[in-house]
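Reading the structure
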Amino acid sequence: QVQLVESGGGLVQPGGSLRLSCAASGSIVSINNMGWYRQAPEKRRELVAIARRDGSTNYADSVKGRFTIYRDNAKNTVILQMKSLKPEDTAVYYCYGFIQWRQGYWNDTWGQGTQVSVSS
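On a predicted model such as this, the values are computed, not experimentally measured, just so you know.

In terms of regular secondary structure, the chain is built from zero helices and 11 strands. Taking 2.2 N^0.38 as the reference for a compact globule, 120 residues should give roughly 14 Å; the C-alpha atoms of the chain span a radius of gyration of 14 Å, in line with that estimate. By its C-alpha atoms, the chain is 50 × 25 × 20 Å across when sized along the principal axes. Relative to its 120 residues, the chain shows a buried fraction of 39%. For the chain, restricting intrachain contacts to residue pairs at least 6 apart in sequence, the fraction spanning at least 24 positions comes to 55%. A total accessible area of about 6600 Å² is found for the chain, and carbon and sulfur atoms account for 45% of it. Taken together, the 14 basic and 9 acidic charged side chains of the chain have centroids lying 4 Å from each other.

Take the side chain of Thr-114 next. Along the chain, Thr-114 falls in strand β11 (residues 114–118). Judged by relative accessible area, which is 11%, Thr-114 ranks as buried. A distance of 3.3 Å separates the side chain of Thr-114 from the backbone nitrogen of Gly-9, its partner in a polar contact. Setting aside chain neighbours within four positions, we find Thr-114 in contact with Glu-6, Gly-9, Leu-20, Ala-91, Val-92 and Tyr-93.

In this section: the state of the cysteines. Scanning all chains against the criterion turns up one disulfide. What pairs with Cys-22 in a disulfide is Cys-95, and their sulfur atoms sit 2.0 Å apart. For the disulfide bridge between Cys-22 and Cys-95, the dihedral angle about the S-S bond is near -85 degrees, and by the sign convention the bridge is left-handed. Residue Cys-22 is found in strand β3 (residues 18–25), and its partner Cys-95 is found in strand β9 (residues 91–102); the two are separated by 73 residues along the sequence. Note on Cys-22: relative accessible area 2%, which makes it buried. Exposure remark for Cys-95: the relative accessible area of 0% places this residue in the buried category.

Next up on the list: the side chain of Arg-66. When you line up the elements, Arg-66 lands in the loop between β6 (57–59) and β7 (67–72). Residue classification places Arg-66 among the buried positions, given a relative accessible area of 10%. A polar contact of 2.8 Å, which involves the side chain of Arg-66, links it to the backbone oxygen of Ser-62. Beyond its immediate sequence surroundings of up to four residues, Arg-66 is in contact with Gln-81, Met-82, Lys-83, Ser-84, Leu-85, Lys-86 and Asp-89.

Right, let's talk about the pairing of strand β1 (residues 3–7) for a bit. Of the two faces of β1, the one lined by Leu-4 and Glu-6 is fully buried and the one lined by Gln-3, Val-5 and Ser-7 carries no buried residue. One ladder, built from five bridges, connects β1 with β3; its direction is antiparallel. Its bridge partner being in β3, Glu-6 is matched across the sheet by Cys-22.

So, how was this worked out
- Residues numbered from 1 in each chain as written.
- Predicted model: local features only at pLDDT ≥ 70, side-chain atom pairs only at ≥ 80, totals over all residues.
- Heavy atoms only, no water.
- Helix = DSSP H or I, 4+ residues; strand = E, 2+ residues; numbered from the N terminus.
- Rg over C-alpha atoms; globule rule 2.2 N^0.38 Å.
- Buried < 20%, exposed > 50% of the residue type's maximum accessible area, 1.4 Å probe, protein only.
- Contact = heavy atoms within 4.5 Å.
- Areas by Shrake-Rupley, 256 points an atom, 1.4 Å probe, with all protein chains shown as cover.
- Lys, Arg positive; Asp, Glu negative; His and termini not counted.
- Charge placed at Lys NZ, Arg CZ, Asp CG, Glu CD.
- Polar contact = N/O pair within 3.5 Å; in protein donor to acceptor, adjacent residues only side chain to side chain.
- Disulfide = S-S within 2.5 Å.
- Pairing = 2+ DSSP bridges.

Given below as structure tokens:
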């Protein structure tokens, strides 16, 4: 069984910074895309940032220039460094991975979510 475990959420003032970490564990053959989504109250889950195995990345327009995603393929980890946080960044952040858990078998895998609150 594959698990994604997040850490690093919390409460921060506008303009502050937070770092989210996610580690994949279990029966893992390889991980293709790995990244972060978020869901604010009464809104749909949206992509924040994704890092592909080849090192390429994509960001939501709303976070470009403020958030940076880092991925370590050897350790099956992904980090989201968030700076200049705004109240509209408040949401539950979910780690995501498209994971091969057996040769030829892939699953969309989600973490349990970590709350990020930006407020004065």
